[in-house]
Protein chains: 2
Amino acid sequence: MHRTRVRIVEDALDANNTIAAANRADFDRHDVTVLNLMSAPGAGKTSLLERALAEPIDGVRVGVLEGDVQGSLDADRLASLHVPVTQLNTDSGFGGECHLDANMVRSALSELPLAEIDLLVIENVGNLVCPAEFRVGEDARAMVCSVTEGEDKPLKYPLMFRTCELVVVNKLDLLPHLEFDLDTLLHHIDAVNPAAERILASARTGEGVEELRGWLRALAERRVRAPA
Amino acid sequence: MHRTRVRIVEDALDANNTIAAANRADFDRHDVTVLNLMSAPGAGKTSLLERALAEPIDGVRVGVLEGDVQGSLDADRLASLHVPVTQLNTDSGFGGECHLDANMVRSALSELPLAEIDLLVIENVGNLVCPAEFRVGEDARAMVCSVTEGEDKPLKYPLMFRTCELVVVNKLDLLPHLEFDLDTLLHHIDAVNPAAERILASARTGEGVEELRGWLRALAERRVRAPA
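Residues numbered from 1 in each chain as written. Chains lettered and ligands numbered in written order. Predicted model: local features only at pLDDT ≥ 70, side-chain atom pairs only at ≥ 80, totals over all residues. Heavy atoms only, no water.

Student: I would appreciate a short explanation of the interface of chain B and chain A in the present structure.
Tutor: Interface size is often expressed as the accessible area that is lost when the parts come together. In this complex, chain B contributes 40 residues to the contact, which on the side of chain A involves 41 residues. Summing both partners gives a buried area of about 3600 Å² for chain B against chain A, and 60% of it is carried by carbon and sulfur. Inspection of the chain B/chain A interface yields 6 salt bridges. For K156 of chain A, the salt bridge is made with D68 of chain B, and the minimal N-O distance between the two is 3.6 Å. (Contact = heavy atoms within 4.5 Å. Buried area = accessible area lost by both parts, 1.4 Å probe. Salt bridge = Lys/Arg side-chain N within 4 Å of Asp/Glu carboxyl O.)

Below, the structure written as structure tokens:
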């Protein structure tokens, strides 16, 4: 019984990787760099994008693919940014998939204006577990980690932290009001992924947003190292 | 391909429900009431339990089953409470399961001191999607929703909010420091689950903790209505 279940999972991941490679080939053909952006629910992915994309990034045309279980709240928020936003909902399954997989992203390819963008940001479903297990054809991965979530998250969700090139630590404006030790969080990130870049940020005050824009520009220019 | 995948999922849920019913029968045989406690990562499930269980609840012997992808950080935190705590890790699969299912809970049954407790609190993996899809044999469900996550979560993760008898809104002490409208959140909860009880709480200040203890006592005495 147990062996059967594991085999199904492995098959699913094999199929996912095959489709992710096909997505990647299509993105490469259009010279589009792709970022898979992940976090727990409410960590601030959309708020950071709103700030980072409020002004054009020099020489980089950005597009966004919004993944949500249902609804288009985040896409609606980004609609005013004058970047193309495409909505992808995962709720066609039973209670809604908790992550984007390569096939879901593939189903959105024809809706994406690949010829008109240089960088595609895929905002994944808010979840610290499964999104890390499914490549979707991205060049790099970034995650947002809010200081309101506690210092222990890298130890409790190590795969997510381990597979990202960048960890954005968000909501720094709340630090004075929390019992939260930033050094402890950074130490825990070191423990699971010492190579990850970090940006200390606050979508509310704008702290770190210029740094994030610089990182996105470097990614679009393929100056961010490829994932391991 | 798509139809095959859906059929596997439905089979998995059928099997899950069968095992959940078996768990429920075992809990009933020991006259143990079971709460499935869920939330996003870092919403404060463990902190609320630390506060709520710091003192014995009149006439209710409580036990805790801690579900985590890996590690025992939360169980360690609860170890000082003089309630029996059992750790269940989900990382025997590929990257770690993002939820507890009935079979995982069943595998822990022999480790649980069912004869010595009246109420079992199962702290699920931090995730707003999949835990809501898998019954584990519980009598009731509660979720913790932190005000730092934004007002939109009931609309983005409706199944989770819809299947809970109780929504604990946590971290109320941070309200003065957030751009967050509590009425909007409560309105959104009303929209997806008007019947849910709500407790406004702060694990840090203790606000709402006595109310939560009262709810747990009512649950153990089977005075909370059964899930739909």
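Student: I'm lost on the pattern of salt bridges in this one. Help?
Tutor: Two side chains of opposite charge can pair, provided their charged atoms sit close to one another. A complete count under the given rule lists 38 salt bridges over all chains for this structure. The partner of D26 of chain B in a salt bridge is R106 of chain B, with the nearest N and O atoms 3.1 Å apart. In this pair, D26 of chain B is assigned in helix 1 (residues 2-29) and R106 of chain B in helix 4 (residues 102-108), connecting sequence segments 80 residues apart. Classification of R106 of chain B by relative accessible area gives partly exposed; the value is 31%. We note a salt bridge from D152 of chain B to K153 of chain B, for which the minimum N-O separation is 2.5 Å. Residue classification places D152 of chain B among the buried residues on the basis of a relative accessible area of 14%. For K153 of chain B, a relative accessible area of 4% puts it in the buried group. Here the salt bridges share partners, and the residues they tie into one network are R24, D28, D31, D139 and R222 of chain A. (Helix = DSSP H or I, 4+ residues; strand = E, 2+ residues; numbered from the N terminus. Buried < 20%, exposed > 50% of the residue type's maximum accessible area, 1.4 Å probe, protein only.)

Student: What is the right way to look at the side chain of N23 of chain A in this model?
Tutor: All names here are of chain A. Mapped onto the elements, N23 comes out in helix 1 (residues 2-29). Classification of N23 as buried rests on a relative accessible area of 0%. For N23, the side chain forms a polar contact with the main-chain oxygen of A102, separated by 3.0 Å. Residues contacting N23, with those up to four places away along its chain left out, are A102, V105, R106, L109, V136 and G137. (Polar contact = N/O pair within 3.5 Å; in protein donor to acceptor, adjacent residues only side chain to side chain.)

Student: In this structure, what is going on with the packing of helix 2 (residues 45-52) of chain A against helix 8 (residues 209-220) of chain A? I would like to understand it.
Tutor: Helix packing for two helices is described by the angle between their axes and how far apart those axes are. Residues and elements named next belong to chain A. Across the interface, helix 2 lies against helix 8 with an axial gap of 9 Å and an inter-helix angle of 85 degrees. One finds that helix 2 runs roughly perpendicular with respect to helix 8. On helix 8, the residues that touch L48, R51 and A52 of helix 2 are V209, L212, R213 and L216. Of the residues assigned to the contact of helix 2 with helix 8, the class counts are 5 nonpolar, no polar and 2 charged. (Axes fitted to C-alpha atoms, helices over the stretch in contact; angles between N-to-C directions. Parallel < 35°, antiparallel > 145°, perpendicular 65-115°, else oblique. Nonpolar A, V, L, I, M, F, W, Y, C, P; charged D, E, K, R; others polar.)

Student: Which parts of the structure should I look at to understand the relation of the copies chain B and chain A?
Tutor: Copy one and copy two of the chain differ by a rotation about a common axis and a shift along it. The two copies are related by a screw operation: chain B maps onto chain A through 180 degrees of rotation and 0.0 Å of translation along the axis, at an RMSD of 0.0 Å. Read as a symmetry element, the transformation amounts to a two-fold axis. Of the C-alpha atoms belonging to chain B, the one lying closest to the rotation axis is found on N127 of chain B, 3.0 Å away. Most of the interface of chain B is mirrored in chain A, where 100% of its interface residues again form contacts. (Least-squares fit on C-alpha atoms with pLDDT ≥ 70 in both.)

Student: I'm lost on the pairing of strand 7 (residues 197-200) of chain A in this one. Help?
Tutor: All names here are of chain A. One ladder, built from 4 bridges, connects strand 6 (residues 166-170) with strand 7; its direction is parallel. The residue bridging V168 from the neighbouring strand is I199, located in strand 7. Taken together, strand 6, helix 7 (residues 182-192) and strand 7 form a β-α-β motif whose crossover is right-handed. (Pairing = 2+ DSSP bridges. Right-handed = clockwise from strand over helix to strand, strands pointing away.)

Student: What is the right way to look at the sheet that holds strand 1 (residues 33-39) of chain A in this model?
Tutor: Picture the strands of a sheet paired through backbone hydrogen bonds; they go either parallel or antiparallel. Residue and element names in this part refer to chain A. In space, the 7 strands of this open sheet follow the order 3-2-4-1-5-6-7, with parallel pairing throughout. Each edge of the open sheet carries a strand with a single partner, namely strand 3 (85-89) and strand 7. On average, adjacent strands in this sheet sit at an angle of 20 degrees to one another, irrespective of strand direction. Alignment of strand 5 (residues 140-146) against strand 6, held across 5 bridges, turns out to be parallel. Looking at strand 6, one finds that M143 is bridged to V167.

Student: Explain the state of the cysteines here, please?
Tutor: By definition, a disulfide links two cysteine residues through a covalent bond between their sulfur atoms. Across all of its chains, the model carries 0 disulfides over all chains by this definition. Sulfur of C130 of chain A: no disulfide; nearest cysteine sulfur belongs to C98 of chain B and is 3.2 Å away. Among the residues examined, C130 of chain A registers a relative accessible area of 8% and is labelled buried. In this structure C145 of chain A is not part of a disulfide, and its nearest cysteine sulfur, from C164 of chain A, lies 10 Å away. By relative accessible area, C145 of chain A is classed as buried at 1%. (Disulfide = S-S within 2.5 Å.)

Student: Please clarify how helix 2 (residues 45-52) of chain B should be interpreted in this entry.
Tutor: In an α-helix, one turn spans 3.6 residues, which is why side chains three or four residues apart end up on the same side. All of the buried residues in helix 2 of chain B are K45, T46, L48, L49 and A52 of chain B. The arc enclosing the buried residues of helix 2 of chain B, seen along the axis, measures out at 160 degrees, which places them on a common side. (Arc of directions from axis to C-beta.)

Student: I would appreciate a short explanation of the sheet that holds strand 1 (residues 33-39) of chain B in the present structure.
Tutor: Residue and element names in this part refer to chain B. Ordered by their spatial adjacency, 7 strands build an open sheet running 3-2-4-1-5-6-7, and the pairing between neighbours is parallel. Because the sheet does not close on itself, it has two edges, and the strands there are strand 3 (85-89) and strand 7 (197-200). Adjacent strand axes in the sheet meet at a mean angle of 20 degrees when their direction is disregarded. As judged from the 5 bridges shared by strand 2 (residues 62-68) and strand 3, these two strands associate in the parallel manner. When the bridges of strand 3 are listed, G67 appears paired with L88. Against the sheet, helix 7 (residues 182-192) engages strand 5 (140-146), strand 6 (166-170) and strand 7, with an angle of about 160 degrees to strand 7.

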